[in-house]
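Listed below, chain by chain, are the residues.
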Amino acid sequence: MQGFQVMSAGSGITHSEFNLLSESLHFYQIWVMPNELDITQRYEQKAFDKSKSKILILSPNAEQDSLKVYQDMCLWLYRDSASETFSFKSGKKAYIQVVRGKLEIESSQTKPFVP
């Protein structure tokens, strides 16, 4: 199983992280601005099946047993997805983060991220 956590800070939080295990810990942290104000602070943690090659981790409605995020976005985890084809609704964009391995994208619409 692979664990994921989601935290909604609401009006603000104090938080710190540390590893209580004797083995190394690797994590990837993503901060997302919510699309609502004054949301209730919350914390959720969930383990997902590592054997699946495509897992929905975050979604606005907690669909497909994902964790809820207060934003019009989805976070997917793909692994070992050779020749995977992706499509997006009109007006939507994608941010792709390669954690291990390599990715080849063939699209005339692919542009670099500019903040």
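1. Here's the deal with the nonpolar core
Generally speaking, soluble globular proteins have nonpolar side chains that are buried together.
And step 1. The biggest cluster of nonpolar side chains holds eight residues, and these are Phe-4, Val-6, Phe-48, Ile-55, Ile-57, Leu-58, Leu-67 and Val-69.
And step 2. When contributions to this core are tallied by element, the ones reaching two or more residues are β1 (2-8) and β3 (54-59).
And step 3. The dominant element in this core, judged by the number of residues it contributes, is β3, at three residues.

2. A word on the pattern of salt bridges
And step 1. Counting across every chain of the model gives three salt bridges.
And step 2. Across the pair Arg-42 and Glu-44 runs a salt bridge whose closest N-O atoms are separated by 2.2 Å.
And step 3. Accessibility expressed as a relative area gives 18% for Arg-42, which makes it buried.
And step 4. We classify Glu-44 as partly exposed; its relative accessible area is 29%.
And step 5. With a shortest N-O distance of 2.7 Å, Lys-46 and Asp-65 are connected by a salt bridge. One end of the pair, Lys-46, is in strand β2 (residues 42-48); the other, Asp-65, is in the loop between β3 and β4 (67-68), and 19 residues separate them in sequence.
And step 6. Residue classification places Asp-65 among the exposed residues on the basis of a relative accessible area of 56%.

What counts, and where the lines are drawn
- Residues numbered from 1 in each chain as written.
- Predicted model: local features only at pLDDT ≥ 70, side-chain atom pairs only at ≥ 80, totals over all residues.
- Heavy atoms only, no water.
- Core = buried A, V, L, I, M, F, W, Y, C linked by side-chain atoms within 4.5 Å.
- Buried < 20%, exposed > 50% of the residue type's maximum accessible area, 1.4 Å probe, protein only.
- Helix = DSSP H or I, 4+ residues; strand = E, 2+ residues; numbered from the N terminus.
- Salt bridge = Lys/Arg side-chain N within 4 Å of Asp/Glu carboxyl O.

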